[in-house]
Amino acid sequence: MAVVNPQRPRDAEEARRLPPGQYLTRKFPVLTYGETPSFDPATWDFRLWGLVEEEVRWSYEEFMRLPTVEVVSDFHCVTRWSRLNNRWEGVSVREVMRHVRLRPEARYAMIHCDGGYTTNLALEVLLDDDVLLAYKHDGEWLTPEHGYPLRLVVPKRYAWKSAKWVRSIELMAENRPGFWEQHGYHMDGDPWKEERYSEPPYR
Ligand SMILES: Nc1nc2c(c(=O)[nH]1)N[C@H]1C(S)=C(S)[C@@H](COP(=O)(O)O)O[C@H]1N2
Ligand SMILES: [Mo]
């Protein structure tokens, strides 16, 4: 009898989509450093700030009126599991960024989350067309552990860059390390280049 190992690609297509050093999971593991923050729609807001001509702030109700997109993408955690074909629904980061005029020096972004988690991204990575602020996954509202009410999804980077419980994006001139990047994870984190860790002193 053939034994199916769920961690191995089923076919050539899955094998092609698995970055080096990764195995497959068919489940949806939760990976959080710390507690799941609570959410109050009355006080929640989402902000774009830093190197922008004028800051923008949306209430939860306002944010949910922005046009929606759906993106199917693969999710690669640096701890080596990958989950293929995630159907994310939310607002494209390109759409959100249309509402601000960037200062010419803006080249990087810091993502700020409830609970204090941060992660940094180059602006060109953040503005890729498959990057979104998601509130649904595979047709269901995100559960609190997976980032409800709003998480970033950056398919072309390791999943620690896909920040959960996002509250703001800060535009910056210089690159600065976020939470895991300060603890030795790579500043860019491209899974196809296996950019898992950087050399000390991590900046
Ligand atoms: N705010 C916040 N976002 C986070 C994390 C976290 O600890 N806090 N963990 C990251 C890591 S390491 C991974 S692999 C993914 C996991 O997302 P999931 O728990 O929805 O699978 O979320 C990322 N986003
Ligand atoms: Mo991760």
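Please refer to the structure placed before this passage.
Everything quoted here is computed from the prediction, not taken from an experiment.

Cut-off values and rules
Residues numbered from 1 in each chain as written. Chains lettered and ligands numbered in written order. Predicted model: local features only at pLDDT ≥ 70, side-chain atom pairs only at ≥ 80, totals over all residues. Heavy atoms only, no water. Helix = DSSP H or I, 4+ residues; strand = E, 2+ residues; numbered from the N terminus. Rg over C-alpha atoms; globule rule 2.2 N^0.38 Å. Buried < 20%, exposed > 50% of the residue type's maximum accessible area, 1.4 Å probe, protein only. Pairing = 2+ DSSP bridges. 1 Å grid on protein atoms, 1.4 Å probe; cavity = no way out; pocket = protein on both sides within 12 Å on 5 of 7 lines; lining within 4 Å. Points joined across faces, edges and corners; volume = space filled by probe spheres on them. Nonpolar A, V, L, I, M, F, W, Y, C, P; charged D, E, K, R; others polar. Core = buried A, V, L, I, M, F, W, Y, C linked by side-chain atoms within 4.5 Å. Contact = heavy atoms within 4.5 Å. Axes fitted to C-alpha atoms, helices over the stretch in contact; angles between N-to-C directions. Near = heavy atom within 4 Å. Polar contact = N/O pair within 3.5 Å; in protein donor to acceptor, adjacent residues only side chain to side chain. Areas by Shrake-Rupley, 256 points an atom, 1.4 Å probe, with all protein chains shown as cover. Sits in = over half its atoms within 2 Å of the grid points.

A. Up close: the overall build of the protein chain. Of regular secondary structure, the protein chain possesses five helices and eleven strands. Over its C-alpha atoms the protein chain spans a radius of gyration of 17 Å, differing by no more than 12% from the 17 Å that the globule rule assigns to 203 residues. Counting only C-alpha atoms and orienting by the principal axes, one finds that the protein chain spans roughly 65 × 40 × 30 Å. Out of the 203 residues belonging to the protein chain, those deemed buried represent 50%.

B. Summary view of the pairing of strand S7 (residues 118-122). By the criterion of burial, S7 is predominantly enclosed, with four of the five residues buried. In this structure, strand S6 (residues 108-113) lies alongside S7, joined through five bridges in antiparallel fashion. Across the sheet, the residue bridging to Tyr108 is Ala122, located in S7. The loop that links S6 with its antiparallel partner S7 comprises four residues; one of these, Gly115, has a positive phi angle of about 95°.

C. How the structure looks around the layout of surface pockets. Size it by volume and the largest pocket reaches roughly 470 Å³. Forming the boundary of the largest pocket are 27 residues, of which Leu31, Thr32, Tyr33, Tyr117 and Trp180 lie nearest the centre. Per-class residue counts for the lining of the largest pocket are 17 nonpolar, six polar and four charged.

D. The arrangement of the nonpolar core in detail. Phe46, Phe63, Leu126 and Leu152 are the most contacted members of the largest nonpolar core, which has 39 residues in total. Of all the secondary structure elements, the ones that give two or more residues to this core are strand S2 (45-50), strand S3 (56-59), helix H2 (60-63), helix H3 (93-97), S6, helix H4 (123-126), strand S8 (132-137) and strand S11 (166-172). Counting residues in each nonpolar core, the second largest holds eleven residues, with Phe28, Phe75, Leu142 and Ala159 among its members.

E. Looking closely at the side chain of Thr118. Within the fold, Thr118 resides in strand S7. A residue is classified by how much of its surface remains accessible, and Thr118, at 15% relative accessible area, is buried. When residues no more than four places from it in sequence are discounted, the contact partners of Thr118 are Met110, Ile111, His112, Gly178, Phe179 and Glu181.

F. Highlighting the sheet that holds S6. Spatial ordering of the open sheet is given by S3-S2-S11-S6-S7, a layout of five strands whose pairing is mixed. Sheet topology places S3 and S7 at the edges, where each strand pairs with a single neighbour. Ignoring which end each strand starts from, the neighbouring axes of this sheet average 15° apart. Sheet analysis places S6 next to S11, joined by six bridges and oriented antiparallel. Bridge assignment links Met110 to a residue of S11, and that residue is Glu170.

G. Inspection of the site of ligand 1 at higher detail. In the vicinity of ligand 1, 19 residues are found, and the nearest of them are Pro29, Tyr33, His146, Arg151 and Lys164. At 2.7 Å from an oxygen atom of ligand 1 is found a main-chain nitrogen or oxygen belonging to Tyr33. A distance of 2.5 Å separates an oxygen atom of ligand 1 from a polar atom in the side chain of Lys164. Out of a free accessible area of 530 Å², ligand 1 has 99% covered by protein chains. Its atoms largely coinciding with the cavity grid, ligand 1 occupies the largest pocket. Looking at the shell around ligand 1, its residues break down into 14 nonpolar, three polar and two charged.

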